[in-house]
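Observations on chain architecture
Here is how the chains run, residue by residue.
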Amino acid sequence: MGVIFKNENTTGDMIEILKELQSYLPYTMVNGMKVFTNQLCAGDQLSVERAVHSIHSVSNGYMPEDRLEGFRMQLGDWHTRVKILEKRSFILSQQMGKFIRDLALQFGEQLLDCEKD
């Protein structure tokens, strides 16, 4: 696989890019037709939007390869995901900290009760 000299700003060229990428997707033959195994294809929001639009524009094709089947488009905004994970980790650590403090207080009270007996 090398550089694909196409312009992803045009639907025609985007279809050609997807056809080139589709040639690398795994498939099985069922009744003489290719059945593609869906593969994740990630990109920035604009690229994913163009790919989805291009796939929809050929969705009435006769064969699976004409319909550009086998792609599972997903946004690949890595930085946003990292920020979300950082925030979730922070919230979880706060919740766990409160849980541990409450547990320690409860356990401490039980210890004091045991010492009185």
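This structure is a prediction, so every number in the text was calculated from the model and none was measured. (Residues numbered from 1 in each chain as written. Predicted model: local features only at pLDDT ≥ 70, side-chain atom pairs only at ≥ 80, totals over all residues. Heavy atoms only, no water.)

1. Points about a nonpolar patch on the surface
Using the following cut-off: Residues forming no salt bridge and having over 30% relative accessible area are the ones grouped into patches, like charges within 9 Å of each other and nonpolar side chains (Val, Leu, Ile, Met, Phe, Trp, Tyr) within 5 Å. For accessible areas, the Shrake-Rupley method is used with a probe of radius 1.4 Å. Any residue's cover is judged against the shown protein chains and nothing else. By definition here, a salt bridge exists when the distance from a side-chain nitrogen of Lys or Arg to a carboxyl oxygen of Asp or Glu is within 4 Å. A helix here means a DSSP run of H or I that spans at least four residues, while a strand means a run of E at least two residues long, and both kinds are numbered starting from the N terminus. For every residue, the accessible area obtained with a 1.4 Å probe (protein chains only) is divided by the maximum for its type, and the residue is called buried under 20%, exposed over 50%, and partly exposed between those limits.
Taken together, Leu 92, Met 96, Phe 99, Ile 100 and Leu 103 make up a surface patch of nonpolar side chains, about 490 Å² in accessible area. Among the structural elements, Met 96 can be located in helix 3 (residues 78-116). Assessed through its relative accessible area of 40%, Met 96 is described here as partly exposed.

2. Topic: the pattern of salt bridges
If you walk through the whole model with that rule in mind, you get two salt bridges. Among the salt bridges present, the one from Arg 67 reaches Glu 69, with a minimum N-O distance of 2.8 Å. Arg 67 sits in the partly exposed class, given a relative accessible area of 21%. On the basis of relative accessibility, which here comes to 31%, the residue Glu 69 falls in the partly exposed class.

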